[in-house]
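Here is how the chains run, residue by residue.
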Amino acid sequence: MIRPTTPLDADRLVELTAATGYFRPVEIKALREVFDDYFREEQAAGHRCVTVDKDGELLGFAYYAPAPMSDRAWHLWWIVVGAEHHGKGIGSQLLHHAENELRQREARVLFIETSSQPRYEPTRRFYVKQGYEQHAVLRDFYSTGDDLVVFRKLFGPVSDLSPPL
Ligand SMILES: CC(C)(COP(=O)(O)OP(=O)(O)OC[C@H]1O[C@@H](n2cnc3c(N)ncnc32)[C@H](O)[C@@H]1OP(=O)(O)O)[C@@H](O)C(=O)NCCC(=O)NCCS
C-alpha cells in the first residue's frame, strides 16, 4: 500500500536510503532535515511525501513539492526503493502514484534532477522508461565531470484525467 508518510517512518526511510549506497553522507543528512522540515511546516505548505508499506515493512518513499513562484510546476525531490527490492516495480508504482495525484492537483509539469555519474545510469533509464524526456544538462554542476541531468514530463489538460485511484 502507498500511504502518506508519518513521523514514525522517518528513521527507517533514512536508514533504507543510506543502505542503497547511492547517496553521499551529506545527502543522507539533508534527507533527515527534509523530513524534519516536512513534518514541521512543509507538509502544511503543500509538499507531499508517500511511503510504500507492505504489512508494516517500509519499502520506499517519494517526496514531491511544488516549485515556488511557478505556474503548477513540481519537483520530485526524492524517490528511493530499498536495495533488496529494486527492479520489482515498486519505483514505478511510486512514480505513478505521484503523477496521479499531481494530475488531480492540475499540475502542469514534473521535473526530476539526477546526476550524470555512471552509478545513476539505471536511475536515468528508469525515468526514460517512465516516459520522461531528458530536458537539460547543467555541465559540471555537482563537481567537475559530474553533470546535473534534468528530466521532465508534461501533463495533459485536466479533461484527460483518469478517475482517481
Ligand atoms: C530508481 C529507483 C527508484 C527505481 O525503482 P525500482 O523499484 O527499482 O524500479 P522498477 O522496478 O519500478 O523499474 C525497473 C526499471 O528501473 C530501472 N532501474 C533503475 N534502477 C534499478 C535497479 N537498481 N535495479 C533494477 N532496475 C533498475 C531499470 O530500467 C528497470 O527496468 P529494466 O529492468 O527493464 O531495465 C530505485 O532503483 C532506487 O531507489 N534506486 C536508488 C536510488 C535512486 O537512484 N533514486 C533516485 C535518485 S535521483
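Q: I tried to follow the environment of T123 on my own but got confused; where do I start?
A: Mapped onto the elements, T123 comes out in helix 4 (residues 121-129). By relative accessible area, which is 18% here, T123 ends up buried. With residues near it in sequence (within four places) discarded, T123 still touches Y22 and T114.

Q: Hey, could you run me through helix 4 in this one?
A: Counting along an α-helix, one turn takes 3.6 residues, and residues three or four places apart therefore face a common direction. Buried within helix 4 are the following residues: T123, R124 and Y127. Along the long axis of helix 4, the arc covered by the buried residues comes to 100°, so they all point the same way. Close packing links the buried residues of helix 4 with strand 4 (73-81), helix 3 (90-104), strand 5 (109-115) and strand 7 (146-154). In the stretch just after helix 4, G131 is the one whose phi turns positive, near 90°.

Q: Hey, could you run me through the site of the ligand in this one?
A: Surrounding the ligand, one finds 21 residues, the nearest of these being G89, G91, S92, T123 and K129. Note that an oxygen atom of the ligand is positioned 2.7 Å from one of the backbone N or O atoms of G91. R125 has a polar side-chain atom sitting 2.8 Å from an oxygen atom of the ligand. With the chains in place, 80% of the 860 Å² that the ligand exposes on its own is no longer accessible. Here the ligand occupies the largest pocket. Breaking the shell around the ligand down by element, the ones donating at least two residues are strand 4, helix 3, strand 5 and helix 4. Of the residues forming the shell around the ligand, the biggest block, 6 residues, is contributed by helix 4. For the shell around the ligand, the residue count by class is 10 nonpolar, 7 polar and 4 charged.

Q: Even after reading the chapter, I still don't get the pairing of strand 6 (residues 133-143), so can you show me in this structure?
A: A regular strand places its side chains on the two faces of the sheet in alternate fashion. In this structure, strand 6 lies alongside strand 7, joined through 6 bridges in antiparallel fashion. Paired with Q134 across the bridge in strand 7 is F151. In this antiparallel pair of consecutive strands, strand 6 and strand 7, the connection spans 2 residues, and G145 shows a positive phi of 90°.

Q: How do you make sense of the sheet that holds strand 2 (residues 48-54) when you look at a structure like this?
A: The strands that make up a sheet are held in pairs by hydrogen bonds between backbone atoms, and each pair lies either parallel or antiparallel. Spatial ordering of the open sheet is given by 1-2-3-4-5-7-6, a layout of 7 strands whose pairing is mixed. Two strands in the sheet have a free side with no partner beyond their single neighbour: strand 1 (2-4) and strand 6. Averaged over all neighbouring strand pairs, the angle between strand axes comes to 30°, with direction disregarded. As paired strands, strand 2 and strand 3 (residues 57-66) are joined by 7 bridges and run antiparallel to one another. Opposite C49, over in strand 3, you have Y63 as the bridge partner. Sitting on the sheet, helix 1 (residues 10-19) is in contact with strand 2, strand 3 and strand 4, with an inclination near 95° to strand 3. Here helix 3 sits on the sheet and contacts strand 1, strand 2, strand 3, strand 4, strand 5 and strand 7; the angle it forms with strand 4, its principal contact strand, is near 155°.

Q: Would you mind showing me how to read the environment of Y142 here?
A: Structurally, the position occupied by Y142 is in strand 6. If sequence neighbours within four positions are ignored, Y142 has contacts with T114, S115, D147 and L148.

Q: I tried to follow the pattern of salt bridges on my own but got confused; where do I start?
A: Opposite charge on two side chains allows them to pair when their charged atoms are near. For the structure shown, the criterion picks out 16 salt bridges. Here R32 and D36 are joined by a salt bridge, their closest N and O atoms 3.7 Å apart. Separated by 4 residues within a single helix, R32 and D36 lie in helix 2 (residues 25-42), roughly one turn from each other. R32 sits in the partly exposed class, given a relative accessible area of 29%. On the accessibility criterion, D36 (36% relative accessible area) is partly exposed.

Reading the values: rules and limits
Residues numbered from 1 in each chain as written. Predicted model: local features only at pLDDT ≥ 70, side-chain atom pairs only at ≥ 80, totals over all residues. Heavy atoms only, no water. Helix = DSSP H or I, 4+ residues; strand = E, 2+ residues; numbered from the N terminus. Buried < 20%, exposed > 50% of the residue type's maximum accessible area, 1.4 Å probe, protein only. Contact = heavy atoms within 4.5 Å. Arc of directions from axis to C-beta. Near = heavy atom within 4 Å. Polar contact = N/O pair within 3.5 Å; in protein donor to acceptor, adjacent residues only side chain to side chain. Areas by Shrake-Rupley, 256 points an atom, 1.4 Å probe, with all protein chains shown as cover. 1 Å grid on protein atoms, 1.4 Å probe; cavity = no way out; pocket = protein on both sides within 12 Å on 5 of 7 lines; lining within 4 Å. Sits in = over half its atoms within 2 Å of the grid points. Nonpolar A, V, L, I, M, F, W, Y, C, P; charged D, E, K, R; others polar. Pairing = 2+ DSSP bridges. Axes fitted to C-alpha atoms, helices over the stretch in contact; angles between N-to-C directions. Salt bridge = Lys/Arg side-chain N within 4 Å of Asp/Glu carboxyl O.

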